[in-house]
Amino acid sequence: MKKFALKTLAVVLFISTSLASCSNDDGGETIILKNSYLTSVEGPTTGAVNQKITLTTKYIAENGCGAFNQFNELQNGSTKTIDVQVKYTGADCGSTPTEITTPYTFEVIEPGTYTFKFKKNASQFITHVVTIE
């Protein structure tokens, strides 16, 4: 019984060591996610039920490594509060802010008036109202 336990322990240690040494290190590429404020929002103010509507959003990335990651949304009834998350990849990015344009697309299944509040700064919003018929 002791031999079986020792052999099992040896196999487990061998497998653990093998798996631990198979690292997928890509050279230490840096990835940082940060929320950004929007500078402008443009698009239609009317639409139809089950129709995709696209608003054009613009915001500033801190440097050349910034790219769109996702929109963060908080919905309260027919009002959505939205900001954008920027993904910074790399280390040699410079320090020049870069304007990014990203489409924001939505579709609703009921007629009504929908308010989109895009964060302009910590306390102000760019409000875009869309009436769906």
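Residues numbered from 1 in each chain as written. Predicted model: local features only at pLDDT ≥ 70, side-chain atom pairs only at ≥ 80, totals over all residues. Heavy atoms only, no water.

Asker: Help me understand the environment of V129, please; the structure alone is not making it clear to me.
Answerer: When you line up the elements, V129 lands in strand β9 (residues 125-132). Under the relative-accessibility criterion, V129 is labelled partly exposed at 36%. Taking the C-alpha atoms as reference, V129 lies 6.2 Å from F116; in sequence the two are 13 residues apart. Ignoring sequence-local partners within four residues, the contact set of V129 consists of T45, T113, Y114 and T115. (Helix = DSSP H or I, 4+ residues; strand = E, 2+ residues; numbered from the N terminus. Buried < 20%, exposed > 50% of the residue type's maximum accessible area, 1.4 Å probe, protein only. Contact = heavy atoms within 4.5 Å.)

Asker: Just checking my understanding: could you explain the sheet that holds strand β2 (residues 38-42) for this structure?
Answerer: Within a sheet, neighbouring strands are paired by backbone hydrogen bonds and run either parallel or antiparallel to one another. Spatially, the three strands line up as an open sheet ordered β2-β4-β7, and their pairing is antiparallel. A strand with exactly one partner marks an edge of an open sheet, and here the two such strands are β2 and β7 (98-106). The sheet shows a mean angle of 20° between the axes of neighbouring strands, taken without regard to direction. Bridge count for β2 against strand β4 (residues 53-61) is four bridges, and the pairing is antiparallel. Along β4, the bridge assignment pairs E42 with T56. (Pairing = 2+ DSSP bridges. Axes fitted to C-alpha atoms, helices over the stretch in contact; angles between N-to-C directions.)

Asker: Which parts of the structure should I look at to understand the nonpolar core?
Answerer: One broad trend across soluble globular proteins is that nonpolar side chains are buried collectively. The biggest cluster of nonpolar side chains holds 21 residues, and the ones touching the most others in it are L38, Y104, F106, F116 and F118. Residue assignment for this core shows that the elements contributing at least two residues are β2, β4, β6 (79-89), β7, β8 (112-119) and β9. With sequence-adjacent residues up to four places away left out, F118 is seen in contact with L38, V41, L55, T57, I82, Y104, Q124, F125, I126 and H128. (Core = buried A, V, L, I, M, F, W, Y, C linked by side-chain atoms within 4.5 Å.)

Asker: What exactly am I supposed to notice about the state of the cysteines here?
Answerer: The term disulfide refers to a covalent linkage connecting the sulfur atoms of a pair of cysteines. Under the counting rule described, the total for this entry stands at one disulfide. Disulfide partner of C65: C93, at an S-S distance of 1.9 Å. Residues C65 and C93 share a disulfide whose torsion about the S-S bond is about -95°; that sign makes it left-handed. Residue C65 is located in the loop between β4 and β5 (66-76), and its partner C93 is located in the loop between β6 and β7; the two are separated by 28 residues in the primary sequence. (Disulfide = S-S within 2.5 Å.)

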